[in-house]
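Results of the structural survey
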Amino acid sequence: MKARLYEKYVNEVAPALRDKRKYANPHQVPRLKKIVVNMGISASLEKSAVDDAAKDLALITGRKAATSKSKHSIANFKLREGQPIGCRVTLRRDAMYEFFDRLVAAALPRIRDFRGLSVRSFDGRGNYSLG
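Sequence order sets the numbering: in each chain, residues are counted from 1 along the sequence as written. With pLDDT at 70 or above as the cut-off, local features in this predicted model cover only qualifying residues; side-chain atom pairs require 80 or more to be listed or tallied, and sums for whole chains, interfaces and linings still use all residues. Side-chain numbers here rest on the full set of heavy atoms in the structure, without hydrogens or water.

**Considering the overall build of the protein**
In terms of regular secondary structure, the protein is built from three helices and three strands. Sequence-ordered secondary structure for the protein, helices as α and strands as β, is α-β-α-β-β-α. Two things to know: the radius of gyration comes from C-alpha atoms, and the globule rule equals 2.2 Å times the number of residues to the power 0.38. Computed over the C-alpha atoms, the radius of gyration of the protein is 19 Å, more than 25% above the 14 Å expected from 2.2 N^0.38 for a compact globule of 131 residues. In terms of principal-axis extent, the alpha carbons of the protein reach across some 55 × 35 × 30 Å. Across the protein, contacts joining residues at least 24 apart in sequence account for 49% of those joining residues at least 6 apart. Accessibility throughout is a Shrake-Rupley quantity obtained with a 1.4 Å probe, and a residue counts as covered only by protein chains that appear here. If you sum the accessible surface of the protein, you get close to 10700 Å²; carbon and sulfur atoms cover 51% of it. We count Lys and Arg on the positive side and Asp and Glu on the negative side, and we leave His and both chain ends out. To locate a charge, take NZ of a lysine, CZ of an arginine, CG of an aspartate or CD of a glutamate. If you average the places of the 27 positive and of the 13 negative side-chain charges in the protein, the two averages end up 5 Å apart. Secondary structure follows DSSP: runs of H or I at least 4 residues long count as helices, runs of E at least 2 residues long count as strands, and numbering of each begins at the N terminus. Contacts: residue pairs with any heavy atoms within 4.5 Å of one another.

Next comes the structure, spelled out in structure tokens:
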């Protein structure tokens with residue numbers, strides 16, 4: 001069964017955008033491709049911090065988190081090459097729409113004094129960054 005938000009997008013949002021913007025090709029209609037959830041962890045913390053962060057990220061997204069390792073050594077940050085410094089999860093298709101639906105419908109409205117998301121967080125290529 002498809003996600004609720006995906007059904008709404010296919011049946012209501014995409015046709016409305018096609019009519020309003022006069023897209024000639026259905027592939028021109030804006031859509032979500034993927035959602036990437038990152039978590040950076042200070043490398044100088046204890047070794048289990050990365051594992052705990054990966055467990056938290058897996059709990060939030062429902063997918064196993066991949067750990068990110070440093071590419072270069074940086075002496076000022078006490079960082080060595082190959083040291084784990086974070087974790088990430090990439091969501092696509094049904095998992096992506098389900099995560100986005102829960103984020104927009106349940107998580108964001110529960111934030112205290114929530115006044116909406118910033119429009120200025122878009123980069124020039126259509127990517128949105130939420131901190």
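**Side note on helix α1 (residues 4-21)**
To estimate how far a helix should extend, the number of its residues minus one is multiplied by 1.5 Å. When the terminal C-alpha atoms of α1 are compared, their 24 Å separation across 18 residues agrees well with the 26 Å that a helix rising 1.5 Å per residue should span. Along α1, the sharpest change in direction is near 40° and occurs at V10. Immediately beyond the C-terminal end of α1, within one or two residues, lies K22, with a positive phi of roughly 60°. For a residue, the bend is simply the angle between two axes, fitted respectively to the seven-residue segment ending there and the seven-residue segment starting there.

**Let's talk about the sheet that holds strand β1 (residues 35-40)**
Within the open sheet, the three strands sit side by side as β1-β3-β2. Their pairing is antiparallel. Of all the strands in the sheet, the pair left with one neighbour each is β1 and β2 (66-69). Averaged over all pairs of adjacent strands, the angle between strand axes in this sheet comes to 30°, irrespective of strand direction. Strand pairing is defined by DSSP finding a minimum of two bridges between the two strands. Two elements, β1 and strand β3 (residues 84-91), share six bridges in a ladder whose sense is antiparallel. Note that in β3 the partner of N38 across the bridge is R88. For helices, the fitted axis covers only the stretch in contact; all axes are lines through C-alpha atoms, and the angles between them, taken along N-to-C directions, range from 0 to 180 degrees.

**Quick word on the pattern of salt bridges**
What counts as a salt bridge is simple: a side-chain nitrogen of Lys or Arg found within 4 Å of a carboxyl oxygen of Asp or Glu. A full pass over the atoms with the stated rule returns four salt bridges. The partner of R4 in a salt bridge is D101, and the shortest N-O contact between them spans 2.7 Å. You can see R4 sitting in helix α1 and its partner D101 sitting in helix α3 (residues 93-107), a full 97 residues away along the chain. Only protein chains enter the calculation, and the probe is 1.4 Å; a residue is then buried if its accessible area is under 20% of its type maximum, exposed if over 50%, and partly exposed in between. A residue is classified by how much of its surface remains accessible, and D101, at 11% relative accessible area, is buried.

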